[in-house]
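Residues per chain are reported as follows:
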Amino acid sequence: MNRNKLTLTSLTAFLVTLLLLVPTLTSCTRATAPSDMPVIKVGIVGDMTGPTASGSRGEIWGWEDIAKWANETNYVPGVRFETISYDNRFDVGRSINGYELVKSRGASIVYVQMTGANYALKEKYAQDKIIAMIPPAPAALHPPGWAFSPDGAYADGAAVAYEWIVKDWAQQGKPGKPKMAWLTWDADYGHSGLVADWYARELGIEILPYELYPSPAPTDKTAELLRLREANADYVLSTGPQSAWQVVLKDAAKLGMQGKTKFIAIGNAMESDVLIQLAKEAAEGTYFVSFVASMHEQGVPGVEWLKGIQTKYHGEWYNGITYVRGYLMMRLPVEAIKMAIEKDGLKPEQVNGDTIYQALEKNIKEFDTGGLTGPLT
């Protein structure tokens, strides 16, 4: 479920105002399907008011919007979807409590945003027979279990960045090895890309000592950046939220590193127009590894369809890469259930975590996402 196209590109400045989510436990269904249909409950445990809310709000919208759309169009005949949202404020304890809460309310599909929480809950998903669609935390996906992701793992994203660094270095005709550093969160999410550092060394990249900052978000990264400037870092990588990344970029610009050192963000939470709003000119020249298509891309059927959905439910569209991820996380089980009912003879009242798991494994083969990713299996 995590094999797809990864792309490296630079940010495009496009400013849009985000709508605010209400940080409460809510049921978010707008069903026009008959109310006596079997209900598939989806638990959404994400950050609505905490340090990663700027990126995760869009992800939550992606889940909720597809549930609304599936209900309004009766896309899966015989069933309707109900979303149950819980604000984890990007806290492991609240994430685990949120999971237990949505489980107690009958969720058979869950989204838990936080990497550390998914590490802690991986075995629980299998024991409880609840499908988890999650961000691409390596240890939560490998070895395979009941956690799925439409993304490549964060370590895969780092590997893409390393390959690009080698090509970029060669194109510039510079001698010696490129010097690369991690300036990232001192947390499970921040560490998730470091798993691939052996590959960077194999490609001939010199890795400088890690620079880590505590969560939830730093207020000043001057000291760390000065050390990297003194060490002549050519490339600086990070995995973390926009709220932290914007501090790094602003401080780097103040120190004259912008345009000299190339900053590369790993993971969908790092890229969106929200970062442009937060970092402004300091975001210019930043690169990111994205697992899915940008909403600014032209001629991509999946992008155009999502723009229509966003406009329908929010009055406008905005470029949030995490929205695309949230959409795919919800669309994949919806599609698997639809095929299980229409092609495999599954009865709507038989849909539960176990049958959804089987449907994902059987039915999602080379699934065409309309250009949002490569085909997903």
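**As for the overall build of the protein chain**
A tally of helices and strands in the protein chain yields 13 helices and 13 strands. Per-residue burial for the protein chain yields a buried fraction of 60% across its 377 residues. If you take every contact in the protein chain between residues at least 6 apart in sequence, the share linking residues at least 24 apart comes to 74%. Carbon and sulfur atoms make up 52% of the accessible area of the protein chain, which totals about 14,500 Å².

**Considering the packing of helix α2 (residues 92–104) against helix α3 (residues 115–128)**
At a closest axis distance of 9 Å, the pairing of α2 and α3 adopts a crossing angle of 20 degrees. Of the possible angle classes, the one that applies to α2 and α3 is roughly parallel. Every pair of crossing elements has a handedness; the one defined by α2 and α3 is right-handed. In this structure, α2 contributes V92, S95, I96, Y99, E100 and K103 to the contact, and α3 contributes G116, A117, A120, L121, K124, Y125 and D128. Class assignment of the residues belonging to the contact of α2 with α3 gives a composition of seven nonpolar, two polar and four charged.

**Structural notes on the environment of I266**
Along the polypeptide, I266 turns up in strand β12 (residues 262–266). In this structure I266 comes out as buried when scored by relative accessible area, which is 0%. Between the C-alpha atom of I266 and that of G193, which follows or precedes it by 73 residues, the distance is 7.6 Å. Apart from the residues lying within four places of it in its own chain, the contact partners of I266 are Y154, G157, A158, A161, W182, Y189, L237, S238, T239 and V289.

**Some points on the environment of A126**
Within the element layout of this structure, A126 appears in helix α3. Owing to a relative accessible area of 29%, A126 belongs among the partly exposed residues under this scheme. In this structure the C-alpha to C-alpha distance between A126 and G145, which are 19 residues apart in sequence, comes to 6.7 Å.

**As for unusual backbone geometry**
In this chain, H142 is followed by P143 through a cis amide linkage whose omega measures -5 degrees. Relative to the helices and strands, P143 resides in the loop between α4 (138–141) and β7 (147–148). The backbone phi angle of K280 is positive, close to 55 degrees, even though this residue is not glycine. For K280, the position within the fold is in the loop between α10 (273–279) and β13 (287–290).

**Here's the deal with the confidence of the model for the protein chain**
When pLDDT is averaged along the protein chain, the result is 87, and 89% of the positions lie at 70 or above. Between the elements of the protein chain, mean pLDDT differs from a low of 34, seen in strand β1 (residues 7–10), to a high of 98, seen in strand β9 (residues 206–207).

**Overview of the packing of aromatic side chains**
The final tally for this structure, using the stated rule, is 18 aromatic pairs. Seen in terms of ring centroids, W245 and F263 are 6.3 Å apart; in terms of plane orientation they differ by 65 degrees. Their pairing is edge-to-face. Separated by 18 residues along the polypeptide, W245 in helix α9 (residues 242–254) and F263 in strand β12 bring together distant segments of the chain. F263 shares its class with W245; the two are buried. Across the ring face of Y75, the terminal group of K338 is positioned such that the distance to the ring centre comes to 4.2 Å.

**What to know about helix α12 (residues 321–342)**
The terminal C-alpha atoms of α12 lie 31 Å apart, and with 22 residues this matches the ideal 32 Å at 1.5 Å per residue to within 8%. The element α12 is largely enclosed, with a buried count of 21 among its 22 residues.

**Digging into the pattern of salt bridges**
In this structure the tally under the stated criterion is 16 salt bridges. Between D128 and K103 there is a salt bridge whose closest N-O contact spans 3.3 Å. Linking D128 in helix α3 with K103 in helix α2, this pair joins segments that are 25 residues apart in sequence. The salt bridge involving D151 is made with R325; its shortest N-O contact spans 2.5 Å. In this pair, D151 is assigned in the loop between β7 and α5 (154–172) and R325 in helix α12, connecting sequence segments 174 residues apart.

**Examining the side chain of D251**
Tracing the backbone shows D251 in helix α9. The charged side chain of D251 is buried without a salt bridge, its nearest counter-charge being K254 at 4.1 Å. Sequence-distant contacts of D251, defined by excluding residues within four places in its chain, comprise D220, K221, T222 and L225.

**Observations regarding helix α8 (residues 222–230)**
Along an α-helix, residues three or four apart share an orientation, since each turn contains 3.6 residues. If you check which residues of α8 are buried, you get E224, L225 and L228. Summarising the axial view, the buried residues of α8 lie within an arc of 95 degrees, below the 170-degree limit, and thus occupy one face. Buried-residue contacts for α8 involve β8 (179–185), β10 (211–213), β11 (235–238), α9 and β12. Directly beyond the C-terminal end of α8, a positive phi value near 60 degrees is found at N232.

Calculation criteria
Residues numbered from 1 in each chain as written. Predicted model: local features only at pLDDT ≥ 70, side-chain atom pairs only at ≥ 80, totals over all residues. Heavy atoms only, no water. Helix = DSSP H or I, 4+ residues; strand = E, 2+ residues; numbered from the N terminus. Buried < 20%, exposed > 50% of the residue type's maximum accessible area, 1.4 Å probe, protein only. Contact = heavy atoms within 4.5 Å. Areas by Shrake-Rupley, 256 points an atom, 1.4 Å probe, with all protein chains shown as cover. Axes fitted to C-alpha atoms, helices over the stretch in contact; angles between N-to-C directions. Parallel < 35°, antiparallel > 145°, perpendicular 65-115°, else oblique. Left-handed = near helix turned anticlockwise from the far one by under 90°. Nonpolar A, V, L, I, M, F, W, Y, C, P; charged D, E, K, R; others polar. pLDDT = per-residue confidence, 0-100. Phe/Tyr/Trp six-rings, centres within 6.5 Å; stacked < 30°, edge-to-face > 60°. Lys NZ or Arg CZ within 6 Å of the ring centre and 35° of its normal. Expected span 1.5 Å × (residues − 1). Salt bridge = Lys/Arg side-chain N within 4 Å of Asp/Glu carboxyl O. Lys, Arg positive; Asp, Glu negative; His and termini not counted. Arc of directions from axis to C-beta.

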